[in-house]
Amino acid sequence: MLRKNKAYYRIPLAERLAVIERACQQVSRGVFFSTIIIVTSFLPVFLLTGQEGKLFHPLAYTKTFILVVDALLVLTLAPVLISFFMRGRFRGEQANPVNHFLERLYEPLIRWCIRWRKTTIGINILALAVSIPLILSLGREFMPPLDEGSLLFMPVTLPDVSNAEVKRILQVQDKIIKSDPEVLNVLGKAGRANTATDNSPISMIETIVLLKPKSQWRPGITKEDIINELNGKLQIPGVTNGWTQPIINRINMLSTGIRTDVGVKVYGQNLDTIYAFAQKIKTELQGVGGVKDLYVEPITGGKYIDINIKRDEIARYGLSIDDVNTVIESALGGTQLTTTIEGRRRFSVNARYGQDFRDNLTELQRLPLQTPQNGPIPLSAVADIQLSEGPAMINSENALLRGTVLFNVRDRDLAGTVQESQDRLNKMLTRLPKGYFLEWSGQYENLISGERTLKLILPLVLLVIFISMYFAFRSAREAFLSLVTIPFALIGGVYMVYFWGANLSVAVAVGFIALFGLAVETGIVMVIYLNDAMQQLVAAKGNSRETITKNDLREYVIAGAAKRLRPKLMTVCVSLFGLIPILWSSGVGSDVMKPIVLPMIGGVFTSSIHILLVTPLIFLMSKEYELRKHGKIDVLEAKH
């Protein structure tokens, strides 16, 4: 064995290998079950679907594969490498100056906590009690907004806007946007692209705004300031502005059919009734904090030419309805004359009146009809021709007509904004007619889906972790005490998220999941060494209340807690030093990384304090209870 002094000694090969074997066996079970617990804690991440699943599945798979390989290497390769490289002369662990310094700091602290155990536990309970209202006061959102480095300006004008007018509006908007000092390039589009998947009407404009690097922006200006500044300049009568980002806009439209952050879908049987309800909803949502770019998708507003044939008049001229319809179809819709073949492609050749003629109501009234006996007559002689309004586009979903109220959320959390909006609508729309109902969609739909998945799988995860800790300790009481103390160890994550000003999201949940596994792993290692100290106590004093005193229990628990103090702190420092630089990162993607590491940084710090100071205290109190009630202590096997 190693001598506890500063002199160096050589250890015989057989004794050295035996020490390495015992040490590896001692931590093997803890490493194995710690790996299972960490992998199990990531089970909710594996079960996430949609956007959140695609974003965090690679993280979960990467961490799982690394842990599995790491556990195998620790159990197989590490002992071999240790036997090769740990050669030469050795001296006692107490002789290490770093370890000696750490123990001199740690021992007074742990003794103070044991002496003032009620105060120590009270401080922990108070810290936990304070963290509960803090986490409940945090806002909720689906995902932290990712800064894509560009903007998507999506204004919508009236459905009956002409091509010339929408072109003029687009040019004016692009000129105003390009005048901003932070804008690099502007590219605008009105109507649909040359693709079957883009059904945008001519009244919808999409303008991609490429921004300059942040180093070239005016001092102190932010992306929100740029949006507010441009939005103030682009107030054009008849145009409703909307601001988002290109990637998230396409994701929202593909996943939920909503091009903004939140949409209230109104389902029903009649388009006019749906539009009336949508207008009431818009009026009620005006003034809700966080609601921006509020807009109702127009159901009416499209212009139609109605031609009602007079049956009495066509009978007088000897015409039929088909005769009139054939002329109208040829003039307005076009008649196929022939088909031309160019290589492997076929094109139909149609003939119809020019657009200037078709857009002129007076000219349509003069459209000539050939009669059998009276020669040509104008179309107005046998039909009433007039302009009428109707739906510019009919949207349907699940075989039901649908209208939508759209809005973005800025300067507030998503869940809080939607909750206040729902409260207002519930007071206004106390009862909808039969066949009409509302549905909240967009990012809020994804938020509810992600939270539902986490809530369903969390109890199962806790059960599997409890079973794993039971097999690690072979004691239900030890597993329960270790599991109960974990919430106290995670309070630092709550404080960090709260004071940083972040909202609760799937990214924050993933950070807490990763922190949970790390805290459990460190706690298992601490309990292993505490049980090892109990084995040494029983070997030295026997296992009876007549031979073991409270002072003996206290000293051996302190010795077990101080054992391997340096590697425990090294684990904490490596985690902190690896995560803290992310807080000051500013590149693309940092918006998602920061919410993940915030709970980990705060939680690693407080969980380490809890495991080093409170876990030994709870362990000591449980052993004192066993000695007082049963006359002996339960000695758990601390090695494999």
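A brief look at the structure comes next. (Residues numbered from 1 in each chain as written. Predicted model: local features only at pLDDT ≥ 70, side-chain atom pairs only at ≥ 80, totals over all residues. Heavy atoms only, no water.)

**Some thoughts on the overall build of the chain**
Now for step 1: Counting its secondary structure elements, the chain contains 23 helices and 17 strands.
Now for step 2: Rg of the C-alpha trace for the chain: 37 Å, well past the compact-globule value of 26 Å for 640 residues, more than 25% over.
Now for step 3: For the chain, contacts bridging at least 24 residues in sequence account for 76% of all contacts bridging at least 6.
Now for step 4: Accessible surface, the chain as shown: approximately 33,800 Å² in total, 60% of it carbon and sulfur.
Now for step 5: In the chain, 70 positive and 56 negative side-chain charges are present, and the distance between their average locations comes to 12 Å. (Helix = DSSP H or I, 4+ residues; strand = E, 2+ residues; numbered from the N terminus. Rg over C-alpha atoms; globule rule 2.2 N^0.38 Å. Contact = heavy atoms within 4.5 Å. Areas by Shrake-Rupley, 256 points an atom, 1.4 Å probe, with all protein chains shown as cover. Lys, Arg positive; Asp, Glu negative; His and termini not counted. Charge placed at Lys NZ, Arg CZ, Asp CG, Glu CD.)

**Structural notes on the packing of helix H5 (residues 97-115) against helix H21 (residues 550-562)**
Now for step 1: Between H5 and H21, the shortest axis-to-axis distance is 10 Å and the interhelical angle comes to 140°. If you check the angle between H5 and H21, you find them oblique. Our pair here, H5 against H21, has a crossing hand that is right-handed. Where H5 approaches H21, its residues Glu103, Tyr106, Glu107, Ile110, Arg111 and Ile114 are matched on the opposing element by Arg554, Glu555, Ile558, Ala561 and Ala562.
Now for step 2: Looking at the contact of H5 with H21, its residues break down into 6 nonpolar, no polar and 5 charged. (Axes fitted to C-alpha atoms, helices over the stretch in contact; angles between N-to-C directions. Parallel < 35°, antiparallel > 145°, perpendicular 65-115°, else oblique. Left-handed = near helix turned anticlockwise from the far one by under 90°. Nonpolar A, V, L, I, M, F, W, Y, C, P; charged D, E, K, R; others polar.)

**Quick look at the sheet that holds strand S3 (residues 150-153)**
Now for step 1: On the basis of which strands lie adjacent, the open sheet formed by 4 strands has the order S4-S5-S3-S6 and antiparallel pairing. At either margin of the open sheet sits one strand with a lone partner, and together these are strand S4 (183-190) and strand S6 (243-244).
Now for step 2: On the sheet, helix H8 (residues 223-233) packs against S3, strand S5 (205-211) and S6 and is oriented at approximately 30° with respect to S3.
Now for step 3: Of the strands in this sheet, S3, S5 and S6 are in contact with helix H9 (residues 246-256), which crosses S3 at around 50°. (Pairing = 2+ DSSP bridges.)

**Notes on the packing of aromatic side chains**
Now for step 1: Considering all chains together, one arrives at 8 aromatic pairs under this definition.
Now for step 2: Ring plane angle 15° and centroid distance 6.4 Å describe the contact between Tyr495 and Phe499, whose orientation is recorded as stacked. Of this pair, Tyr495 and Phe499 both sit in helix H19 (residues 491-500), 4 residues apart, roughly one helical turn.
Now for step 3: Between Tyr498 and Phe499, the ring centres sit 5.2 Å apart and the planes meet at 85°, which makes this aromatic pair edge-to-face.
Now for step 4: Taken together, the ring pairs in this structure connect Phe46, Tyr61 and Phe65 into an aromatic cluster. (Phe/Tyr/Trp six-rings, centres within 6.5 Å; stacked < 30°, edge-to-face > 60°.)

**Brief notes about the pairing of strand S13 (residues 375-378)**
Now for step 1: Taken together, the 4 bridges between strand S12 (residues 368-371) and S13 define a ladder with antiparallel strand orientation. Counted as the bridge partner of Leu369 is Ile377 from S13.
Now for step 2: With antiparallel pairing between neighbouring strands as the criterion, S12 and S13 make up a hairpin whose turn holds 3 residues.

**Comments concerning a nonpolar patch on the surface**
Now for step 1: The grouping of Val69, Leu73, Leu77, Val80, Leu81, Phe84 and Phe85 at the surface amounts to a nonpolar patch, some 660 Å² of accessible area in total.
Now for step 2: The element contributing the most residues to the nonpolar patch is helix H4 (residues 77-85), with 5 residues.
Now for step 3: Tracing the chain through its elements places Phe85 in helix H4. (Patch = residues over 30% accessible without salt bridge, like charges linked within 9 Å, V, L, I, M, F, W, Y side chains within 5 Å. Salt bridge = Lys/Arg side-chain N within 4 Å of Asp/Glu carboxyl O.)

**Digging into the side chain of Thr64**
Now for step 1: Here Thr64 is to be found in helix H3 (residues 50-75).
Now for step 2: Of the residues examined, Thr64 reaches a relative accessible area of 11% and is grouped as buried. (Buried < 20%, exposed > 50% of the residue type's maximum accessible area, 1.4 Å probe, protein only.)

**Here we look at the side chain of Ser131**
Now for step 1: With respect to the secondary-structure elements, Ser131 resides in helix H6 (residues 117-137).
Now for step 2: Every residue in contact with Ser131, bar those within four places of it in the chain, is listed here: Ile491, Val494 and Tyr495.

**Let's talk about empty space enclosed by the protein**
Now for step 1: Taken as a whole and judged by the stated rule, the model has 5 cavities of 30 Å³ or more.
Now for step 2: Space inside the largest cavity adds up to approximately 160 Å³.
Now for step 3: What lines the largest cavity is a set of 18 residues, and nearest its centre among them are Leu481, Ser482, Thr485, Val527 and Thr615.
Now for step 4: Those elements giving two or more residues to the lining of the largest cavity turn out to be helix H17 (476-484), helix H18 (486-489), helix H20 (506-541) and helix H23 (590-630).
Now for step 5: The element best represented in the lining of the largest cavity is H23, accounting for 6 residues.
Now for step 6: Residues of the lining of the largest cavity, tallied by class, amount to 11 nonpolar, 6 polar and 1 charged.
Now for step 7: There is about 110 Å³ of room inside the second largest cavity.
Now for step 8: Lining the second largest cavity are 13 residues, with Met154, Asn241, Gly242, Arg259 and Thr260 positioned closest to its centre.
Now for step 9: Elements that contribute at least two residues to the lining of the second largest cavity include exactly S6, strand S8 (291-296) and strand S16 (400-409). (1 Å grid on protein atoms, 1.4 Å probe; cavity = no way out; pocket = protein on both sides within 12 Å on 5 of 7 lines; lining within 4 Å. Points joined across faces, edges and corners; volume = space filled by probe spheres on them.)

**Concerning the nonpolar core**
Now for step 1: By size, the foremost hydrophobic cluster in this structure holds 78 residues, and its most contacted members are Phe56, Ile281, Val405, Phe407, Trp440 and Met469.
Now for step 2: Tallying contributions element by element places H20 first for this core, with 15 residues.
Now for step 3: Filtering out sequence-adjacent residues up to four positions away, Met469 remains in contact with Ile37, Arg474, Ala479, Ser482, Leu483 and Val520.
Now for step 4: Counting residues in each nonpolar core, the second largest holds 25 residues, with Leu102, Leu553, Leu565 and Leu627 among its members. (Core = buried A, V, L, I, M, F, W, Y, C linked by side-chain atoms within 4.5 Å.)

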